[in-house]
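The chain contents come next:
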Amino acid sequence: MEHFNEKHMLLKKLNSDWWAVIVALFAAALVRLHLMPHVIW
Amino acid sequence: MATVAQLPARGSGSVGQFFALLPGIALLAVIGYAGKLTELAIASFGKSHHIALPNIEYVLWAIVYGLLIGNLIGLPAIFKPGVDTYDFWLKLGIVFEGARFLLGDVFRLGLTTLLFTAFVLFFSIIFMTWCGRYFGLSPKLTSLLAIGSSICGVSAIIAAKGAIDAEDDDVSYAIGAILALGAFSLIAFPFIGHLLHMSDQAYGLWAGLAVDNTAEATAAGALYSDVAAKFAILAKTTRNATIGFVVLGYAIYWARKSGKEVTGDFAHNANFLWQKFPKFVLGFLLLSLLATLNVFSAAEIKDLANLSRWAFLLTFAGVGLRTNIRQLTRQGWKPLLVGALGEFAIAGVTLALILLVAPHLNP
């Protein structure tokens, strides 16, 4: 049950939340400035 | 129980922690890409042999490969830190998805979702409380199941744990039940959606409203169609945004019940709400705002949508890898049964609402 330590989980959650925003905005800026090649799927 | 966050050992430094993530992330990429290759290979086989094969999305293959590896072979410790980042890739994919929505649509559909969420929450609390009493579950376990099934699965249960001072075992049972039912919904939802010939938008909103965990809700949407995934993400993200209010409500209820003094301090409550608010929603709204202001061209929006797909590819591999079937079956049948009854009831009520309202929603 140590995995469910609330403080540990919330800290991680907050971090990954903000990291997701930062990385996405950075990638969006690269796309907008044409510094990233076209992303194919 | 599914594997939940394990950060690299302390003391190894930021660089060491970063490198510790790489093997697991590489594994997510390999499994996810294998899923994509399988989808392409089946489609290509059908085309070259002139056979009409059903299009099984990479989502399902990635989850199945992850399940097989995680449950038959097991996950070596070296991969665990990286595999636990699936949550990050999910949030990253959701933020990118913001670029596919105009802000007006976000608020219009978000408002509809909020109204549905309020109704589902009200229904869920009454139904779960009755079921919990009937089957003799502890009141706090019942509260956790109601929170988990009405708002957003594991995150909501973890957030509520401290707020209502729940027992560890109750938390474990509630998370196990929600994860087991989330896995089941990946099969049941697309099946029902196809059976009822639901539109992409109606199905997506239904999956986003009724499937508990964000990763499973996204996967359930993607299993139906790309457009359905888009609407499932919007509905689920709106639901997630209400987590703070629900947990705060339960915290006040349990504090009152146990005779503790409840502070009505606005600043204290606002701080609590901010703490529990999923911050990646702000990124989603920001990209949606930029798209609405025509900051991105159509080709750039396509690039961002493709980045979102790659991020989800890693997420779905993680969903399979972290689902430990053996541990899910060990949790006891009562919480699972109460959770299942609640889920079926919520899914049914939400489906009825969506079918009622869907004809009036603009595509």
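Up top is the structure.
Quantities reported herein were computed from a predicted structural model and do not represent experimental measurements.

Procedures and definitions
Residues numbered from 1 in each chain as written. Chains lettered and ligands numbered in written order. Predicted model: local features only at pLDDT ≥ 70, side-chain atom pairs only at ≥ 80, totals over all residues. Helix = DSSP H or I, 4+ residues; strand = E, 2+ residues; numbered from the N terminus. Buried ≥ 20, exposed ≤ 12 C-beta atoms within 10 Å, placed from the backbone. Contact = placed C-beta atoms within 7 Å. Expected span 1.5 Å × (residues − 1). Arc of directions from axis to C-beta. Axes fitted to C-alpha atoms, helices over the stretch in contact; angles between N-to-C directions. Parallel < 35°, antiparallel > 145°, perpendicular 65-115°, else oblique. Left-handed = near helix turned anticlockwise from the far one by under 90°. Nonpolar A, V, L, I, M, F, W, Y, C, P; charged D, E, K, R; others polar.

> Describe the overall build of chain B, naming the residues involved and giving the relevant values.
Per the secondary structure count, chain B includes 16 helices and zero strands. The C-alpha extent of chain B, read off along each of the three principal axes, is 70 × 50 × 40 Å. When burial is assessed residue by residue, chain B has 51% of its 363 residues classed as buried. Contacts in chain B between residues at least 24 apart in sequence constitute 82% of all its contacts with a sequence separation of at least 6.

> I'd like to hear about the environment of Lys161(B), residue by residue, with values.
Looking at the secondary structure, you find Lys161(B) in helix 6 (residues 139-164). Remark: the alpha-carbon pair of Lys161(B) and Val171(B), spanning 10 residues in sequence, is separated by 6.8 Å.

> Hey, could you go over helix 11 (residues 243-257) of chain B for me, with residue numbers and the actual values?
Residue and element names in this part refer to chain B. Its 15 residues place the ends of helix 11 21 Å apart at the C-alpha level, agreeing with the 21 Å of an ideal helix rising 1.5 Å per residue. Residues Ile243, Gly244, Val246, Val247, Tyr250 and Ala251 constitute the buried set of helix 11. Along the long axis of helix 11, the arc covered by the buried residues comes to 165 degrees, so they all point the same way.

> Describe unusual backbone geometry, and please don't skip the residues or the numbers.
Leaving glycine out, the prevailing phi sign among residues is negative, and the prevailing peptide bond configuration is trans. Residue His34(A) is not a glycine yet carries a positive backbone phi of 60 degrees. Assessed through the 11 C-beta atoms surrounding it within 10 Å, His34(A) is described here as exposed.

> Pulling in residues and values, what's your account of the packing of helix 9 (residues 214-224) of chain B against helix 10 (residues 226-241) of chain B?
Residues and elements named next belong to chain B. Relative to each other, helix 9 and helix 10 sit at 160 degrees, their axes nearing to 7 Å. Considered as vectors, helix 9 and helix 10 are oriented roughly antiparallel to each other. Judged by the twist between their axes, the crossing of helix 9 over helix 10 is right-handed. Facing helix 9, whose interface residues are Thr214, Ala217, Thr218, Ala220, Gly221, Ala222 and Tyr224, helix 10 presents Ala228, Ala229, Phe231, Ala232, Ile233, Lys236 and Asn240. Of the residues assigned to the contact of helix 9 with helix 10, the class counts are nine nonpolar, four polar and one charged.

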